[in-house]
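Fold and geometry: a report
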Amino acid sequence: MDIRRPSCALIILLVLYFTHPTECIQNNGKINFREKEKQILDQILGPGRYDARIRPSGINGTGYAPTLVHVNMFLRSISKIDDYKMEYSVQLTFREQWLDERLKFNNLGGRLKYLTLTEANRVWMPDLFFSNEKEGHFHNIIMPNVYIRIFPNGNVLYSIRISLTLSCPMNLKLYPLDKQTCSLRMASYGWTTDDLVFLWKEGDPVQVVKNLHLPRFTLEKFLTDYCNSKTNTGEYSCLKVDLLFKREFSYYLIQIYIPCCMLVIVSWVSFWLDQGAVPARVSLGVTTLLTMATQSSGINASLPPVSYTKAIDVWTGVCLTFVFGALLEFALVNYASRSDMHRENMKKNKKDMVIDPQANIDAASDMMDTDSNTTFAMKPLMRTSGCHGNDQLARCEVHITRQKNCCRLWMSKFPTRSKRIDVISRITFPLVFALFNLIYW
């Protein structure tokens, strides 16, 4: 009976240990780690023990050495890049780590890895700010997204999730074939480099989420650097991240470049219409001109009014010039057509005068009559040859024929000047536009 009683007692203790370990540890005088954490926090952060207004000592506890703060971050998302306002929005997890020897504590033989706080005002914090920030806010749903971890050796890790809208000065000379570099700058507001120095954490100081997608840009790479600034109050530590964005061209190719090319080609249709189709050619030219002007104004509405010329301005300006040139070409064709009609009338009258000399004399006397109130028709677009008489006309025709080259022989297939202008335009406009595209791209 005496031997069985200890066995029963041992079994009861084991059952209590596995079912209610906390009570068992408390009843047997062992450590309650949750209670111990509270005691350690009260001990190191209690009144008269720790002052959050005093910065930690420097390296090896030296009071005159600056406090070193190591920084790293995790880019969660980049929501938008605004060309007009020249800004971009980013959401990130920001972390700082430094050594504060006043916060050392006993880790109970490695059983207590770190202490966790959610109140940043309980310990000393670096006075870091984002120098190119326009707007920013913390995240408080469901609880404030912030924590502070205090390690046994006095290391402090501060982590917080924030959303920022940062300025990004852009050079739009090559828009939309450009690349933009947007920076994220962090600096000390009040502590100079004699008291506080920010350093990038070794090994991947900046991490980016893998499935990062932007609507019109691609993040090509990012670089970390230092940007210490000197003012009349001292030198201040500064860190920066340069994000290199490449603009996606496919959107602009579909929405801008291809429609503009189509408008320019449509304006060339008037070269193939009959010279007498005045309403069709005028309406086609005016419609394409107004559409091109509307397209150009819509493009500039989404961009800031900069003082330099952008690549998209060159493209829209040249396309608008081609459309306007097609409209002016019809005005020249219309004038040349009326001139050709007047020239034909002059030839008919000249033939009649050769057949009937008396009519020739009467016509000459009519032309020399100063008292006549006759209104002359439009002058033809031609030079008088100065050839008179049948023999002289024959000699002039032979002389002109000998001077004709291949181009003139080909152009002689089109008897009227108006038709020649249309034929030349059909070839010249596409060739010049193709040459412009070759130079532009």
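Presented here is an overview of the structure given in this document. (Residues numbered from 1 in each chain as written. Predicted model: local features only at pLDDT ≥ 70, side-chain atom pairs only at ≥ 80, totals over all residues. Heavy atoms only, no water.)

**Thoughts on unusual backbone geometry**
Omega for the bond connecting isoleucine 141 with isoleucine 142 falls within 30 degrees of zero, at -5°, which places this linkage in the cis form. Among the structural elements, isoleucine 142 can be located in the loop between strand S5 (133–138) and strand S6 (146–150). The peptide bond linking tyrosine 175 to proline 176 adopts the cis configuration, its omega dihedral lying at 5°. Turning to its location among the elements, proline 176 is positioned in the loop between strand S7 (155–167) and strand S8 (179–188). (Helix = DSSP H or I, 4+ residues; strand = E, 2+ residues; numbered from the N terminus.)

**Focus: the packing of helix H4 (residues 250–267) against helix H5 (residues 278–301)**
One can describe the packing of H4 onto H5 by two numbers: an axis separation of 9 Å at closest approach and a directional angle of 165°. Judged by the angle between their axes, H4 and H5 are roughly antiparallel. For the pair H4 and H5, the crossing hand works out as left-handed. Contact residues: H4 offers Gln255, Ile256, Pro259, Cys260, Leu263, Val266 and Ser267, while H5 offers Leu284, Thr288, Thr291, Met292, Gln295 and Ile299. Along the lines of polarity and charge, the residues of the contact of H4 with H5 split into eight nonpolar, five polar and no charged. (Axes fitted to C-alpha atoms, helices over the stretch in contact; angles between N-to-C directions. Parallel < 35°, antiparallel > 145°, perpendicular 65-115°, else oblique. Left-handed = near helix turned anticlockwise from the far one by under 90°. Contact = heavy atoms within 4.5 Å. Nonpolar A, V, L, I, M, F, W, Y, C, P; charged D, E, K, R; others polar.)

**Things to note about the pattern of salt bridges**
By the definition in use, this model includes 14 salt bridges. Arginine 122 is paired through a salt bridge with glutamate 119; the nearest N and O atoms lie 3.8 Å apart. With a relative accessible area of 33%, arginine 122 lands in the partly exposed category. For glutamate 119, a relative accessible area of 43% translates into the label partly exposed. Residue aspartate 178 pairs with arginine 247 through a salt bridge whose shortest N-O separation is 2.6 Å. One end of the pair, aspartate 178, is in the loop between S7 and S8; the other, arginine 247, is in strand S14 (residues 238–247), with 69 residues separating them in the sequence. By the burial criterion, aspartate 178 is buried, and arginine 247 matches it. Counted as one network, the salt bridges with shared partners bring together Asp83, Asp178, Arg216 and Arg247. (Salt bridge = Lys/Arg side-chain N within 4 Å of Asp/Glu carboxyl O. Buried < 20%, exposed > 50% of the residue type's maximum accessible area, 1.4 Å probe, protein only.)

**Section: the nonpolar core**
Note on soluble globular proteins: their nonpolar side chains tend to be buried together. Judged by nonpolar contacts, the single largest core of 75 residues is most densely connected at Met73, Tyr88, Phe94, Leu184 and Met186. When residues of this core are assigned to their parent elements, the largest contribution, seven residues, is made by helix H6 (residues 311–355). In this view, tyrosine 88 contacts Ile78, Lys80, Ile81, Leu164, Thr165, Leu166, Ser167, Cys168, Cys182, Ser183, Leu184 and Leu243; residues no more than four positions away in its chain are not counted. (Core = buried A, V, L, I, M, F, W, Y, C linked by side-chain atoms within 4.5 Å.)

**Some words on the packing of aromatic side chains**
The geometry of two aromatic rings is summed up by the distance between their centres and the angle between their planes. Under the criterion given, the structure shown has 24 aromatic pairs. Both rings, one in phenylalanine 436 and one in tyrosine 440, keep their centres 5.6 Å apart while their planes meet at 40°; by these two values the pair is tilted. Placement of the pair is phenylalanine 436 and tyrosine 440 together in helix H10 (residues 417–440), with a separation of four residues, close to one helical turn. Taken individually, phenylalanine 436 and tyrosine 440 each receive the classification buried, so the pair is uniform in this respect. Aromatic rings pair up to connect Phe249, Tyr257, Trp268, Phe271, Trp315, Phe322, Phe429, Phe433, Phe436, Tyr440 and Trp441 into one cluster. When the ring centre of tyrosine 308 is taken as reference, the NZ or CZ atom of lysine 173 above it lies at 5.8 Å. Above the ring of tryptophan 272, the side-chain terminus of arginine 426 is found at 4.0 Å from the ring centroid. (Phe/Tyr/Trp six-rings, centres within 6.5 Å; stacked < 30°, edge-to-face > 60°. Lys NZ or Arg CZ within 6 Å of the ring centre and 35° of its normal.)

**A closer look at the side chain of arginine 281**
Mapped onto the fold, arginine 281 is located in helix H5. A distance of 2.8 Å separates the side chain of arginine 281 from the backbone oxygen of serine 270, its partner in a polar contact. Other than its neighbours up to four places away in sequence, arginine 281 contacts Ser270, Phe271, Leu273, Asp274, Gln275, Glu329, Phe330, Val333 and Asp422. (Polar contact = N/O pair within 3.5 Å; in protein donor to acceptor, adjacent residues only side chain to side chain.)

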